[in-house]
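The chain contents come next:
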Amino acid sequence: MPQLRKLKETAAPTRQSPLVAARSLTTQRLTDEHRAEVLAFLAERPLHTVVMSGFIRDNGLESIFNRGTFYACRDGQGQIVGVALLGHAMFVEARNEEALKAFAQLAQGCPDAHMIMGEQDKVERFWDYYSEAGQAPRIFCREVLFEQRWPIQALEAVPNLRPATLADLMLVMPVHAALAYEESGVNPLDADPHGFRLRCERRIEQGRVWVWVEDGQLIFKADIISETPEVIYLEGVYVDLRERGKGYGLRCMSQMGRSLLERTESISLLVNEEHHGSLAFFQKAGYKRRACYDTIFLQQKN
């Protein structure tokens, strides 16, 4: 893709020291004592900050389950103007250019980052600063952010659609791994089998995986990656290839959505813009386009 070629051309092989202060701006590593302040800041744009907010609600600001470190940028009056999670996956919510630059240069010190994800314009600007001494790009994805709110059309019920149990783990894991490989080119069962299993187990124990299983066959699956009172963010929506075209996916999404919207205001998910069938499916399910997102998968350093 032209965008990826441009990213490759701008990537530099050298590494510089990360910037932790810019003019009157200071960058701070966050601890659990900052929880309320950070959640209040992120809640100003809940649709776009649901991943970070959900991680903080689930794990706190200091946890191995975040697979990274939370930072804040503060202005000269000590007010937060940006929050970022930097590590395996990078998410940034910056309200001014200096905060975005500070986070990007700080991120250059994360040698094992897997991806950068966010709104298209912010990721492009973040990359302008990061690529000077960060990891090289491997795959570039343009995605559509979808959102669903009430009302949701009630379709025929799926009696066996339910939250997964640990007995479903061996059905769920290979499907989720295959979806991750299709999008990122990395199979987590090969790259980190133990950690991947633990993360799948934990998500199931949290009641975050929905499944429909018949006679040992996984027909439908969807994962709640992050949940706040305002937004629930989904990934890994799957319908068995042999069962597609029968309306099962729409029935499951309708039933699951009606249940989830009893405890949150909206449901969101991302769809690769090249997956035209998926785009049409979620629009038919009642989801609305809200924004364009970019995801950059990064090359790992040897």
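Along each chain, residues carry numbers from 1 onward, in the same order as the chain's sequence is written. Owing to the predicted nature of the model, reporting of local features is limited to residues with pLDDT of at least 70; listing and counting of side-chain atom pairs is limited to 80 or more, with chain, interface and lining totals taken over all residues. As a rule here, side-chain values come from all non-hydrogen atoms in the structure, and water together with hydrogens is ignored.

A.B. asks: Teacher, can you tell me more about the pattern of salt bridges here?
C.D. replies: Salt bridges are identified by distance alone: a Lys or Arg side-chain nitrogen within 4 Å of an Asp or Glu carboxyl oxygen. Under the criterion given, the structure shown has 24 salt bridges. Between Glu97 and Arg125 there is a salt bridge, and its shortest N-O distance comes to 2.8 Å. Of the two residues, Glu97 sits in helix H4 (residues 97-107) while Arg125 sits in helix H5 (residues 120-130), which places them 28 residues apart along the sequence. Partly exposed residues are those whose accessible area sits between 20% and 50% of the maximum for their type, while under 20% is buried and over 50% is exposed, using a 1.4 Å probe and protein chains only. According to the relative accessible area criterion, Glu97 is partly exposed, its value standing at 32%. A relative accessible area of 27% places Arg125 in the partly exposed class. Numbered from the N terminus, helices here are DSSP runs of H or I no shorter than four residues, and strands are runs of E no shorter than two.

A.B. asks: What is the right way to read the packing of helix H9 (residues 248-260) against helix H10 (residues 276-284) from this model?
C.D. replies: Each packed pair of helices is defined by two parameters, the angle between the axes and the distance between the axes. Between H9 and H10, whose axes approach to 10 Å, the crossing angle comes to 50°. The pairing of H9 with H10 is recorded here as oblique in orientation. For the pair H9 and H10, the sense of crossing is right-handed. Facing Gly249, Leu250 and Met253 of H9, the residues of H10 in contact are Phe281, Phe282 and Lys284. Angular values range over 0 to 180 degrees, each being the angle between N-to-C directions of two axes fitted as lines to C-alpha atoms, with helices fitted over their stretch in contact. Throughout, the term roughly parallel applies to angles under 35 degrees, roughly antiparallel to angles over 145, roughly perpendicular to angles from 65 to 115, and oblique to all others. By definition, any crossing whose near helix is turned counterclockwise from its far helix by less than a right angle is left-handed, and any crossing with a clockwise turn is right-handed. Between two residues, a contact is recorded if the distance between any of their heavy atoms is within 4.5 Å.

A.B. asks: How should the nonpolar core be read in this particular structure?
C.D. replies: Side chains of nonpolar character tend, in soluble globular proteins, to be buried together. What we call a nonpolar core is a set of buried Ala, Val, Leu, Ile, Met, Phe, Trp, Tyr and Cys residues that are connected through their side-chain atoms within 4.5 Å. Residues Val38, Phe70, Val83 and Phe91 are the most contacted members of the largest nonpolar core, which totals 30 residues. A per-element tally of this core places helix H3 (residues 46-59) first, with six residues. Once you skip the residues sitting within four places of it in the chain, Phe70 turns out to touch Gln28, Arg29, Leu30, Met52, Phe55, Ile56, Leu61, Val83, Ala84 and Leu85. The next biggest cluster of nonpolar side chains, apart from the first, holds 27 residues, and it includes Ile152, Val158, Leu269 and Val271.

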